[in-house]
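Structure at a glance
What follows is the residue order along each chain.
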Amino acid sequence: MNQQLDKQLFIAGNVIVLLGAAGWIVEPNIFSYIYSVGVAILIFVQIRNSFKTKDADRRHKRLIANAMFATLVLAIGAYYMFKGSMSWVPAVIIYAITTLFLSYRGNPEKKA
């Protein structure tokens, strides 16, 4: 049940981030807050995942650390979004590419 909740929170956080990033073009003041809420949800999920890896192997810990770094890049993007700069766009691109890469790395517990 806990893992299912993490998946749902991860998906919800990503959808909220996407909504905030897309809506920023229309109304930057409101959608900056929406983006930040999504980033906060993703950071929460990554912190929960990092506490679950105390007894995991090095590979899994490294993957979780990379995911946490990518999520913190989104937080830097939120700062630039509030400043009104377009520098938040590379942060979203870095997060998207890193998350795509990590999704293909797979779960180390599931071995073929």
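The notes below deal with the structure included here. Sequence order sets the numbering: in each chain, residues are counted from 1 along the sequence as written. Predicted model: local features are reported for residues with pLDDT of at least 70 only, side-chain atom pairs are reported and counted for 80 or more only, and whole-chain, interface and lining totals are derived from all residues. Excluded from the side-chain calculation are hydrogens and water; included are all heavy atoms of the structure.

Once that is clear, we can look at the packing of helix 2 (residues 28–51) against helix 3 (residues 58–83). Think of each axis as a best-fit line through the C-alpha atoms, taken over the contacting stretch in the case of a helix, with angles from 0 to 180 degrees between the N-to-C directions. Here a strand is any run of E in DSSP of at least two residues, a helix any run of H or I of at least four, and the numbering for each starts at the N terminus. The N-to-C vectors of helix 2 and helix 3 enclose an angle of 160°; their axes lie 9 Å apart at closest approach. Taken together, the axis directions place helix 2 and helix 3 in an arrangement best described as roughly antiparallel. Note on packing geometry: the crossing formed by helix 2 with helix 3 is left-handed. Across the interface between the two elements, F31, S32, Y33, Y35, S36, V39, L42, I43, Q46, I47, N49 and S50 from helix 2 touch I64, A67, M68, T71, L72, L74, A75, G77, A78, M81 and F82 from helix 3. Each residue is assigned to one class: nonpolar for Ala, Val, Leu, Ile, Met, Phe, Trp, Tyr, Cys and Pro, charged for Asp, Glu, Lys and Arg, and polar for all the others, Gly among them. Residues of the contact of helix 2 with helix 3, tallied by class, amount to 16 nonpolar, seven polar and no charged. An angle counts as roughly parallel when it lies under 35 degrees, as roughly antiparallel when it exceeds 145, as roughly perpendicular when it falls between 65 and 115, and as oblique in every other case. Left-handed describes a crossing whose near helix is turned anticlockwise from the far helix through less than a right angle; right-handed describes the clockwise counterpart. We call two residues contacting when some pair of their heavy atoms lies within 4.5 Å.

The next thing to look at is the pattern of salt bridges. Any carboxyl oxygen of Asp or Glu within 4 Å of a side-chain nitrogen of Lys or Arg constitutes a salt bridge here. Applying the stated criterion across every chain, the model contains two salt bridges. Measuring nitrogen to oxygen at the nearest pair gives 2.9 Å for the salt bridge that ties D6 to R48. Taken as a pair, D6 in helix 1 (residues 2–23) and R48 in helix 2 lie far apart in primary sequence, 42 residues in all. Between D6 and K52 there is a salt bridge, and its shortest N-O distance comes to 2.2 Å. Placement of D6 in helix 1 and of K52 in the loop between helix 2 and helix 3 is noted, with a sequence separation of 46 residues between them. Accessibility expressed as a relative area gives 40% for K52, which makes it partly exposed. Among the charged side chains, a salt-bridge network with shared partners connects D6, R48 and K52. Per-residue accessibility, obtained with a 1.4 Å probe over protein chains only, is compared with the maximum for each type, and a residue is labelled buried under 20%, exposed over 50%, and partly exposed between these values.

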